[in-house]
Amino acid sequence: KPPAPPRRASGLLGSPRSGVMNINNVSMWASDNGMMERRPDDFAGGVTFPIGTAPVVYSAGFLWCGKVFDGAVPVVRVGGQTYNYGTVPGRIIRPGVSENPGNGDVRIFRIRRHWATADLTEDAAEMLGVAVPLVTAEQIGQVRDQYKKDWLEWPWEKGAPFYERNGRPGYQPGPGATSDSSSDEPGLGGADQVIWFVANDLNPGAAGSLYGSPPIGLEMQITCWAYARSDDLRNVVYQRCRIIYKGT
C-alpha cells in the first residue's frame, strides 16, 4: 500500500511537500520524503519529456545496503526508496533524533532566477495542478511568493548549497531575493532552477515498510538543478545525493 500523498504547494502555502523542476524541456517531480520522479497527487509517472507531452519515468529514488553494527538486528539492512519509501522528511539533529516533519522549515525548497519577472503561468499550472487557461493571477502570485520565500529562507545551515558573495559567514541574501553581485544567493553550478530537501530513515514504520530493515541513521540531502538554455542542457535535470551516516 503506497503512503499518503505528500502535500502539494496548493495544500499549505509556505510548507510545500513537493516541487517540480520545469525550467527547461524536462518536467520532474520530487517530494521531501525522498519520493523522486513520481507525481504526488496520483502517484503517476513524474518525469515528462518533452515537457507538456507524456511521462517517460514512473518512479525513482536511491537504495542503500550494508552491514550495520549498532547492536540491533539484522546486521544486513536495506533502505531508501523504490515504489515504497523508507525515509521521511527532515534532517537528523543528533543520533536517533530527527527534526519534526511538521516544522515550517521542513519542506521542499525551490528557487528560480528571475522569478520576479518571469512569466509563471505554465509553472503555476503544473505546480498547482490546473489547466493553463484556468490559471489565475492569484495562483501565479502564490507561486511567485513561494519562490521569494524559499530564496530568503534557503536552509544553508542544513546543507543547501549557496554562493558566498559578501565575504561574511553564513547566508545573507538581498532583501529583494534577487541575484546581484554583493549578496549571497542560493543555488549550484550557475543553474536557473534548483530544488533542495533533506530526508532521513529514522522512522521505524517507514524504514520497515520498504524491506523490513530497522533504521540505520542515514540522512539524505538531495539537490536537483537545471538550466533554461537552448543547447543540449535544455534536456537535462541534474541530481546530487549526499548521504551522511549519523546513527541511531
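What counts, and at which threshold
Residues numbered from 1 in each chain as written. Predicted model: local features only at pLDDT ≥ 70, side-chain atom pairs only at ≥ 80, totals over all residues. Heavy atoms only, no water. Helix = DSSP H or I, 4+ residues; strand = E, 2+ residues; numbered from the N terminus. Buried < 20%, exposed > 50% of the residue type's maximum accessible area, 1.4 Å probe, protein only. pLDDT = per-residue confidence, 0-100. Contact = heavy atoms within 4.5 Å. Pairing = 2+ DSSP bridges. Axes fitted to C-alpha atoms, helices over the stretch in contact; angles between N-to-C directions. Polar contact = N/O pair within 3.5 Å; in protein donor to acceptor, adjacent residues only side chain to side chain.

Undergrad: Explain unusual backbone geometry to me, and be specific about the residues and the numbers.
TA: Omega for the bond connecting F49 with P50 falls within 30 degrees of zero, at -15°, which places this linkage in the cis form. Even without glycine at this site, E37 takes up a positive phi of about 60°. By the secondary structure assignment, E37 is in the loop between β2 (27–31) and β3 (47–48). Located in the positive-phi region is F43, a residue other than glycine, with phi close to 60°. Within the secondary structure, F43 is located in the loop between β2 and β3. In this structure F43 comes out as buried when scored by relative accessible area, which is 12%.

Undergrad: Outline the confidence of the model for the chain, listing residues and values.
TA: Predicted confidence across the chain gives a mean pLDDT of 93, with 94% of residues reaching 70 or more. Below a pLDDT of 50 lies the segment residues 1–14, which in the model reaches 41 contacts outside its immediate sequence neighbourhood of four places, other chains included.

Undergrad: Describe the sheet that holds strand β4 (residues 55–57), and please don't skip the residues or the numbers.
TA: Read from one edge of the open sheet, four strands run β1-β2-β3-β4, paired in antiparallel fashion. With one partner strand each, in any of the chains shown, β1 (18–21) and β4 form the two edges of the open sheet. One ladder, built from two bridges, connects β2 with β3; its direction is antiparallel. Within β3, the residue paired with M28 across the bridge is V47. Against the sheet, helix α1 (residues 121–128) contacts β1 and β2, and its axis sits at roughly 140° relative to β1.

Undergrad: How would you sum up the environment of D201? Please name residues and give values.
TA: Position of D201 among the secondary structure elements: in the loop between β13 (193–200) and α3 (204–211). Assessed through its relative accessible area of 3%, D201 is described here as buried. A distance of 2.9 Å separates a polar atom in the side chain of D201 from the backbone nitrogen of I216.

Undergrad: Hey, could you go over α1 for me, with residue numbers and the actual values?
TA: Where burial is concerned, most of α1 is hidden: six out of the eight residues are buried. Of all the positions in α1, only D123, A124, A125, E126, M127 and L128 are classed as buried. Buried residues belonging to α1 abut β1, β2, β10 (109–112), α2 (137–152) and β13. Backbone geometry just downstream of α1 places G129 in the positive-phi region, at approximately 75°.

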